[in-house]
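These are the residues of each chain, in order.
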Amino acid sequence: MTDLTNIHNLKMEYKHIENSETDWNPKGVEGCDEQTFLRNNKGANKSIFNSLDINKDGYITEQEYSLSCALDLDNNGTVSKEERDNACMEQMKFFARREIDKWFKVDKNRDGFGSNVEWQSWSTYNKNGKTLEGSMSNEALSKKYNMKEEILEDMQGWLDNSIEGLKSDAKEMYGVELSPKQIIELKKEQMKQLNTWLMKEGDNEESSFYQQLNLDAYTRLMSTVDNEACCGGDICEFSNFSPSNLDRNGKYTADEMKARLAWAENSYLVDDNGKTVYDENGQTIPAKMMTPEQVEMYKEIVESVTGKPWDSDGWEVTAEQWNTICEKVNGTEGDEERLNGKTRADIPQNRQALLRFLEEKGWLYEQFK
């Protein structure tokens with residue numbers, strides 16, 4: 001008899017969840033409701049369903065089921081509180097670091113403050129997913145917006161809101177209520193990433209793809225699940241390849257990688273509010289979502305990982321290589337060791353403003369004092 005207390009043995013039947021369409025899942029989400037679950041798994045009880053329905057919305061999605069199976073590290077058929085807490089904290093720590101990196105998409109001159117010009121650029125980024133302003137300096141943006149730059153606030157509010165978001169993510173994704181001790185751990189992760197930024201020199205057109213690409217292009221370069229926007233950008237248009245092929249086949253082919261880049265580079269014209277612009281015949285107007293320099297940067301990143309010329313045929317990107325490409329695109333490669341052996345004397349000139357900010361806030365690591 002099948003052991004239905006073992007989550008790996010359960011039969012899941014997924015159907016479209018009505019009204020589940022979101023910006024990140026434009027075609028909606030599929031899930032298994034309680035009635036269907038119990039019908040297909042006679043002998044399983046409601047408590048098993050509830051443990052798999054992480055966000056308690058009445059459905060077990062494929063993502064929730066896959067996550068629970070992945071969390072069963074000792075493969076004993078159940079997910080312990082320790083397994084769930086550990087996995088949750090690893091993910092939340094990543095998100096905590098990511099929120100610091102996201103702050104510096106706002107704070108383009110990396111001084112710890114958000115100016116009117118920087119917040120206008122951030123608003124444009126979120127309203128117009130195809131904007132090409134990401135690599136522009138504050139000075140260039142001030143001129144474009146016809147604004148005299150003025151400081152509005154520092155990053156404290158951003159950090160506080162990030163923690164609240166992490167608490168919500170932990171509950172939604174893992175069913176974990178973060179403890180005060182866990183929240184302190186996440187705040188320490190924020191501080192670590194802030195200090196790490198003292199050693200990240202690239203700004204504007206020399207910054208990472210994550211820092212300079214628009215929302216839609218970045219999402220298309222990074223998504224690995226069909227019809228699921230990993231970063232909130234637009235992925236609805238036909239891409240000539242399946243982002244899920246990495247999971248299905250354990251690799252992307254050269255043709256798939258080239259189709260991905262073409263998908264990220266090419267789109268149609270939109271106005272500053274993100275609305276599509278049409279020509280006199282009612283047709284969309286072709287437009288680029290990446291600059292020629294950004295296209296070449298992506299090709300060079302892939303070539304550096306595969307060791308193969310971009311324009312050649314027959315090369316592949318394995319799952320391990322894809323992870324390295326992602327780190328390079330995100331600008332996080334080497335972050336774990338970036339602070340090792342570094343002192344105040346190693347901080348570059350274009351991070352002196354951030355140094356002063358962290359020092360004044362009391363957030364500076366001892367090695368930089």
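In this report, the structure presented in the accompanying data block is examined. In this text, all values refer to a predicted model and were calculated from it rather than measured experimentally. (Residues numbered from 1 in each chain as written. Predicted model: local features only at pLDDT ≥ 70, side-chain atom pairs only at ≥ 80, totals over all residues. Heavy atoms only, no water.)

### Re empty space enclosed by the protein
The tally for this structure, following the rule as stated, stands at two cavities of 30 Å³ or more. One number sums up the size of the largest cavity: a volume of about 100 Å³. Around the largest cavity, the lining is made up of 14 residues, and of these Lys105, Lys108, Ser121, Tyr125 and Gly134 lie nearest the centre. If you list the elements that add at least two residues to the lining of the largest cavity, you get α4 (81-106), α5 (116-127) and α9 (209-212). Per-element accounting of the lining of the largest cavity gives the leading share, four residues, to α5. Its volume calculated, the second largest cavity comes out at about 40 Å³. Every residue lining the second largest cavity is listed: Phe104, Lys108, Arg110, Gly134, Asn204, Ser207 and Gln211. The class makeup of the residues in the lining of the second largest cavity is one nonpolar, four polar and two charged. (1 Å grid on protein atoms, 1.4 Å probe; cavity = no way out; pocket = protein on both sides within 12 Å on 5 of 7 lines; lining within 4 Å. Points joined across faces, edges and corners; volume = space filled by probe spheres on them. Helix = DSSP H or I, 4+ residues; strand = E, 2+ residues; numbered from the N terminus. Nonpolar A, V, L, I, M, F, W, Y, C, P; charged D, E, K, R; others polar.)

### Let's talk about the nonpolar core
Grouped together as the largest cluster of nonpolar side chains are 32 residues, with contacts concentrated most on Leu221, Met257, Met290, Tyr298, Trp322, Ile325 and Val329. Of all elements in the fold, only α9, α10 (215-222), α12 (254-265), α13 (292-306) and α14 (319-330) reach the threshold of two or more residues within this core. Considering each element in turn, this core owes the most residues, six residues, to α12. Setting aside residues no more than four positions away along its own chain, Met257 makes contact with Tyr252, Tyr298, Val302, Trp310, Trp315, Val317, Trp322 and Ile325. The next biggest cluster of nonpolar side chains, apart from the first, holds 24 residues, and it includes Met155, Leu215, Phe357 and Trp363. (Core = buried A, V, L, I, M, F, W, Y, C linked by side-chain atoms within 4.5 Å. Buried < 20%, exposed > 50% of the residue type's maximum accessible area, 1.4 Å probe, protein only. Contact = heavy atoms within 4.5 Å.)

### Observations regarding α14
Compared with the 16 Å implied by 1.5 Å per residue over 12 residues, the 16 Å span of α14 between its first and last C-alpha is a close match. Within the span of α14, buried status applies to Trp322, Ile325, Cys326, Val329 and Asn330. Along the axis of α14, the buried residues cluster in a sector spanning 125°; they form a single face. Looking one or two residues past α14, Gly331 carries a phi angle of roughly 75°, positive in sign. (Expected span 1.5 Å × (residues − 1). Arc of directions from axis to C-beta.)

### Describing unusual backbone geometry
The backbone of Lys56 shows a phi angle near 55°, a positive value even though the residue is not glycine. One can find Lys56 in the loop between α2 (46-52) and β3 (59-61). Phi angles above zero are rare outside glycine, and Arg110 is one such case at about 55°. Among the secondary structure elements, Arg110 is positioned in the loop between α4 and β4 (113-115).

### A word on the pattern of salt bridges
Under the definition given, this model contains 25 salt bridges. Notably, a salt bridge pairs Glu185 with Lys93, separated by 3.5 Å at the nearest N-O pair. Of this pair, Glu185 sits in helix α8 (residues 180-196) while Lys93 is found in helix α4, placing the two residues 92 residues apart along the sequence. Judged by its relative accessible area of 29%, Glu185 is partly exposed. Among the salt bridges present, the one from Lys130 reaches Asp216, with a minimum N-O distance of 3.1 Å. Here Lys130 is found in the loop between α5 and α6 (138-145), whereas its partner Asp216 is found in helix α10, with 86 residues between them in sequence. The class of Lys130 is buried, set by a relative accessible area of 11%. One connected set of salt bridges, linked through shared partners, spans Glu13, Lys15 and Arg39. (Salt bridge = Lys/Arg side-chain N within 4 Å of Asp/Glu carboxyl O.)

Just distances and angles here, no functional claims.
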